[in-house]
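# Topology and contacts: notes
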Amino acid sequence: MITLQPMNEEEFKRYISYAIEDYAKDKIASGNWNEDEAIDLSIKSFEEELPKGEKTENNYMFSIFHNDILIGMIWFLQKSPATPNEGFIYDFVIFEHYQGKGYGKKAMKEVEIIAKELGINKIGLHVFGHNKIARGLYEKMGYEITNIKMSKTI
């Protein structure tokens, strides 16, 4: 059974430590940042998006559990007051050991239930082009491509 529970302070510290490094790696892999600046830019990005940590307004930080075992985390944002019926998944992580077992799909379904309870009827997300596993999951869940950004190193 998959359950989503609001992150406590300790879980948030664990998440943010992982997320800063992971986001920096993805930005390097996508060609957006160079290695020298990536960690600093990632820290700055998280500080701007989550100025009050896990208690930042309209941000929902969840730990994902399977039978009381922490298997991942998800960060969901209820967009601005101008668009209260829209949400955005900022980050979604199923720890490597638990990937490929259907937990991601179940966690996504749980976050959709929570979103509906908040009055949200549209959820967006960003996925890096090189993350084919995540793209496959999102497509299976009914998410459609809305933008494609391409580049070529010459």
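Higher on the page you've got the structure.
Because the structure is predicted, anything quoted here is derived from the model rather than measured. (Residues numbered from 1 in each chain as written. Predicted model: local features only at pLDDT ≥ 70, side-chain atom pairs only at ≥ 80, totals over all residues. Heavy atoms only, no water.)

### Structural notes on the packing of aromatic side chains
Keep this limit in mind: Pairing of aromatic side chains requires ring centres within 6.5 Å, counting the rings of Phe and Tyr and the six-membered ring of Trp. Pairs whose planes differ by under 30 degrees are stacked, by over 60 edge-to-face, and all others tilted. Secondary structure elements follow DSSP: runs of H or I no shorter than four residues count as helices, runs of E no shorter than two count as strands, and numbering proceeds from the N terminus. Burial status follows relative accessibility: with a 1.4 Å probe on protein chains alone, a residue under 20% of its type maximum counts as buried, one over 50% as exposed, and anything between as partly exposed. Here, over-ring charges are defined by two tests on the NZ atom of lysine or the CZ atom of arginine: distance to the ring centre within 6 Å, and angle to the ring normal within 35 degrees.
Considering all chains together, one arrives at 8 aromatic pairs under this definition. Pairing Tyr60 with Phe76 gives two aromatic rings, centres 6.4 Å apart and planes at 45°, and the pair type is tilted. Highlighted residues: Tyr60 in strand β2 (residues 59–66) and Phe76 in strand β3 (residues 69–78), separated in sequence by 16 residues. With a centroid separation of 5.2 Å and an interplanar angle of 70°, the aromatic rings of Phe88 and Tyr90 are classed as edge-to-face. On the basis of relative accessible area, Tyr90 is assigned to the partly exposed category, the value being 32%. Members of the aromatic cluster, connected to one another through ring pairs, are Tyr23, Trp33, Phe46, Trp75, Phe88 and Tyr90. Against the face of Trp33 rests Lys27, its NZ or CZ located 5.2 Å from the ring centre.

### Topic: the layout of surface pockets
Definition in use: Definitions used throughout: a 1 Å grid over protein atoms alone; a cavity as a set of points that fits a 1.4 Å probe which cannot get out; a pocket as an open set with protein on both sides within 12 Å along at least five of seven lines; a lining residue as one with an atom within 4 Å of a point. Grid points are joined across faces, edges and corners, and a volume is the space filled by probe spheres set on the points. Each residue receives one of three labels: charged for Asp, Glu, Lys and Arg, nonpolar for Ala, Val, Leu, Ile, Met, Phe, Trp, Tyr, Cys and Pro, and polar for the others, Gly being one of them.
In this structure, the largest pocket encloses a volume near 1200 Å³. Lining the largest pocket we find 40 residues, and of these Phe92, Val93, Asn131, Ala134 and Tyr138 sit closest to its centre. Sorting the residues of the lining of the largest pocket by element identifies α1 (9–29), α2 (35–49), β4 (86–94), α3 (103–117) and α4 (132–140) as the ones contributing at least two each. When grouped by side-chain class, the residues that make up the lining of the largest pocket number 21 nonpolar, 8 polar and 11 charged. Volume-wise, the second largest pocket comes out at about 1100 Å³. Along its surface, the second largest pocket is lined by 32 residues, and Leu125, His126, Val127, Asn147 and Ile148 are the ones closest to its centre. Elements represented by at least two residues in the lining of the second largest pocket include exactly β4, β5 (122–125) and α4. The biggest single contributor to the lining of the second largest pocket is β5, with 4 residues.

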